[in-house]
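Letter by letter, the chains look like this.
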Amino acid sequence: MEEYALQLKNITKRYPGVLALDDISVNIRKGEVHAICGENGAGKSTMMKLISGAISPDGGKICVFGKDYDQMTPVLSRELGIEVVYQEFNLVPNLPVYENIYLGMYPGGKVSPDFAQMKQKTRELFETLEADIDPRTKVKDLSTAYCQLVEIAKSVSKDPKILILDEPTAALTEKETEILFKLVDKLKKAGTTILYVSHRLSEIFDIADRVTVFRDGKVIETRNIEDIDRHELIALMAGREVKDSYPEKINQPGEVILRVKDLCGLGVENVSFEVRKGEIFGFAGLVGAGRTETARMIFGADEADSGTIEFMGKQVHIHNPEQAVALGIGLVPEDRKTQGVILNLSIRKNITLSILRLVSKFGIMDFKKENKILEEHKNALRIKTPSFDQLLRNLSGGNQQKVVVSKWLARECKLLIMDEPTRGIDVGAKQEIYNIMNRLASEGVAIIMISSEMPELIGMADRILVMSEGRQTGILERGEFSQERILEMASHEFVS
């Protein structure tokens, strides 16, 4: 019998000014969990798009279950049993969850679809995923984490032979990640082949059988997971020595810069806390805890029902993001694609839109000053691009995230809210962002850091506010940090 479910044979893919894939060959065995690793821009996303038929190769063959193809198409890929859960969601916001799950393959046919059956099957899917999602809810009303679970459920519903998961846990907390791992194990035992793309290296060592490392559009090496350690894997990905640790804290928190009292709205109840100048203040909690909702109310993206906010010693009423930005507050949002960037604009415009007054005089752009700022941030965050005039939609997801961070770094905010700031970012870039956060805090910038990665919070935060079901369950000082303590507080159940 054919040993491999999927083979890429000498695949090449070019874009203007970029060789995205350079004569790569990868062999994926039937029924294995095969991890794909590499820094942002290494070629991972291009590989997935070729397999799914979203783009065509310039050379080479794609072999599925022993049969060679010059290229895939979305229809052919699906007919062969290939499903992809992309890092960026492909959902229809105004349709309910159950219609998104069965979009294009309605039970009962397109003329008279069986909506009752769709709802029931969707409920059963979410029971498998242990996800408390009402099938009738419209996607636009779901959090990013729940959208991720819907994407996973949509692909699993099609009984795939080959399932590609692109950063599937980026929006999930540890509890939801554990559920996903159980599902992956169940699918593997049933014979499904899984390609698992992730920057969270601990996950790869938990669930993968083998790992292939990409770097600069080339395949560097494929190893059995038991034959490689974390340090060696990082070195292969980066092509250089990268410290897999958190920077030594050099900040000294000062006076209170933000005071929030009894904030209510969007399911959040009576949240109160203070953030000091030069402090990294962490937010922890499970999916649906209210962390992002709290941040959005502070930034004015959503209106609070009640409560007070004091900033720089004065009570403020922030009704929209424009007012927040004018005060010196920035937000790196959880969903970069729809809230953090403008995909059809260039890198240049995305970064400098927030600082037009700083790079212009009397309405005339100072391109020398603009280019200096762009170069500084490109080098600091290692944004991979042939030109600042490259459209943002052509960058990998991780490089798009770096542009979002760069935009607010250029703005020089007094308070920077960072919601999942390292989502979809490789280990090297994470270190760069951690170092920048550390430097900003040492310069007196206050940072609110929301993260689903508890080691990240523990490594970076000075204090951590823990939330559960829209309420805060406590604030931990640095000496009190532990994953067990945070998870216990985040799992607290409230009885009404």
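All figures in this text were calculated on a predicted structure; none of them were measured in a lab.

Here we look at unusual backbone geometry
Next, step 1: The phi torsion at Leu-266 lies on the positive side, around 55°, for a residue other than glycine.
Next, step 2: Here Leu-266 shows up in the loop between strand E11 (256-265) and strand E12 (268-276).
Next, step 3: By relative accessible area, Leu-266 is classed as partly exposed at 43%.
Next, step 4: Although it is not a glycine, Phe-362 adopts a positive phi angle of roughly 55°.
Next, step 5: With respect to the helices and strands, Phe-362 occurs in the loop between strand E17 (360-361) and strand E18 (364-365).

Re the sheet that holds strand E7 (residues 162-166)
Next, step 1: Pairing is mixed across the open sheet formed by six strands, whose spatial order is E6-E7-E8-E3-E9-E10. One side of each edge strand has no neighbouring strand; the edge strands of this open sheet are strand E6 (82-85) and strand E10 (218-224). Here the strands of the sheet are splayed against their neighbours by 15° on average, with no regard to which way each runs.
Next, step 2: Pairing geometry for strand E3 (residues 33-37) and strand E9 (residues 210-215), over four bridges, is parallel. Residue pairing across strands places Ala-35 opposite Val-211, the latter belonging to E9.
Next, step 3: Lying over the sheet, helix H5 (residues 144-156) contacts E6 and E7, oriented at roughly 180° with respect to E6.

Some details on the pairing of E9
Next, step 1: Of all the six residues making up E9, five are buried; the element is thus mostly covered by neighbouring parts of the structure.
Next, step 2: Where E9 meets E10, six bridges bridge the pair, whose relative direction is antiparallel. Across the sheet, residue Arg-215 finds its bridge partner in E10, namely Lys-218.

Concerning the packing of aromatic side chains
Next, step 1: Using the criterion set out here, one finds six aromatic pairs in the structure.
Next, step 2: Between the aromatic rings of Tyr-98 and Phe-115, the centroid separation amounts to 6.2 Å while the plane-to-plane angle is 80°, which identifies the pairing as edge-to-face. Highlighted residues: Tyr-98 in helix H3 (residues 97-101) and Phe-115 in helix H4 (residues 115-128), separated in sequence by 17 residues.
Next, step 3: According to the relative accessible area criterion, Tyr-98 is buried, its value standing at 9%.
Next, step 4: Through successive ring pairs, a cluster of aromatic residues spans Phe-273, Phe-281 and Phe-283.
Next, step 5: In this structure, Lys-13 is placed above the aromatic ring of Tyr-15, and the distance from its NZ or CZ to the ring centre is 5.4 Å.
Next, step 6: Geometry around Phe-388 places Lys-378 over its ring, the cationic atom sitting 5.6 Å from the centre.

A few points about the environment of Asn-435
Next, step 1: With respect to the element layout, Asn-435 can be found in helix H15 (residues 427-442).
Next, step 2: Under the relative-accessibility criterion, Asn-435 is labelled partly exposed at 40%.
Next, step 3: Sequence spacing of Asn-435 and Glu-248 is 187 residues, and the spatial spacing of their C-alpha atoms is 9.1 Å.

Considering helix H17 (residues 483-490)
Next, step 1: Among the residues of H17, those classed as buried are Ile-486, Met-489 and Ala-490. The arc enclosing the buried residues of H17, seen along the axis, measures out at 100°, which places them on a common side. Exposed side chains of H17 directed beyond 90 degrees from the buried face belong to Glu-484 and Glu-488.

Observations concerning the sheet that holds strand E21 (residues 463-468)
Next, step 1: Taken in spatial order, the six strands of this open sheet run E16-E19-E20-E13-E21-E22, and their pairing is mixed. Two strands lie at the open edges of the sheet, namely strand E16 (329-332) and strand E22 (471-477), each paired on one side alone. Recorded for the sheet is a direction-independent mean angle of 15° between the axes of neighbouring strands.
Next, step 2: The sheet contact formed by strand E13 (residues 280-285) and strand E20 (residues 446-450) spans four bridges and is parallel. The partner of Ile-280 across the bridge, within E20, is Ile-447.
Next, step 3: Against the sheet, helix H14 (residues 397-411) contacts E16 and strand E19 (415-419), and its axis sits at roughly 175° relative to E16.

A look at helix H9 (residues 291-299)
Since one α-helical turn is 3.6 residues long, residues separated by three or four positions face the same way.
Next, step 1: Burial within H9 is extensive, with seven of its nine residues counted as buried.
Next, step 2: The complete set of buried residues in H9 reads Arg-291, Thr-292, Thr-294, Ala-295, Met-297, Ile-298 and Phe-299.
Next, step 3: Just past H9, the residue Gly-300 takes up positive phi, approximately 85°.

Digging into the pairing of E20
Next, step 1: Burial runs high along E20: five of the five residues are buried.
Next, step 2: In E20, alternate side chains face the same way, and those of Ala-446, Ile-448 and Ile-450 on one face and Ile-447 and Met-449 on the other are all buried.
Next, step 3: Taken together, the five bridges between E19 and E20 define a ladder with parallel strand orientation. When the bridges of E20 are listed, Leu-416 appears paired with Ile-447.
Next, step 4: Where the polypeptide runs from E19 across H15 and back to E20, its parallel neighbour, the crossover connection is right-handed.

Here's the deal with the nonpolar core
Next, step 1: In this structure, Leu-258, Phe-273, Ile-298 and Ile-448 are the most contacted members of the largest nonpolar core, which totals 73 residues.
Next, step 2: The dominant element in this core, judged by the number of residues it contributes, is H15, at seven residues.
Next, step 3: When near neighbours in sequence (up to four residues on either side) are disregarded, Ile-298 contacts Leu-258, Val-260, Leu-263, Phe-273, Ile-309, Ile-318, Ile-417 and Ile-448.
Next, step 4: Residues Met-118, Leu-125, Ala-131 and Leu-233 belong to the second largest nonpolar core, which totals 49 residues.

Rules behind the numbers
Along each chain, the written sequence defines residue order, and numbers are assigned to residues from 1. Two thresholds apply to this predicted model, a pLDDT of at least 70 for residue-level local features and 80 or more for giving and counting side-chain atom pairs, whereas whole-chain, interface and lining totals are computed over all residues. The side-chain values count all of the structure's non-hydrogen atoms but skip hydrogen atoms and water molecules. Counting from the N terminus, the helices are the DSSP runs of H or I reaching at least four residues and the strands are the DSSP runs of E reaching at least two. Only protein chains enter the accessibility calculation, which uses a 1.4 Å probe. A residue is then buried if its area is under 20% of the maximum for its type, exposed if over 50%, and partly exposed in between. Pairing between strands is defined by DSSP: at least two bridges between them are needed. Only C-alpha atoms enter the line fits that serve as axes; for helices the fit covers just the stretch in contact. Angles between N-to-C directions range over 0 to 180 degrees. Residues count as neighbours in contact if any of their non-hydrogen atoms are within 4.5 Å of one another. The rule is short: rings of Phe, Tyr and Trp, with Trp giving its six-membered ring, pair when the centres are within 6.5 Å, and they are stacked under 30 degrees, edge-to-face over 60, tilted in between. Counting as a charge over the ring demands two things of the Lys NZ or Arg CZ atom: a distance within 6 Å of the ring centre and an angle within 35 degrees of the ring normal. What the arc covers is the set of directions going from the helix axis to the C-beta atoms. The handedness of a crossover follows from its direction of travel: if, with the strands pointing away from the viewer, the path from the first strand over the helix to the second runs clockwise, the crossover is right-handed. We call a set of buried Ala, Val, Leu, Ile, Met, Phe, Trp, Tyr and Cys residues a nonpolar core when their side-chain atoms join them within 4.5 Å.

Scope: geometric values only; no functional claims are made or implied.
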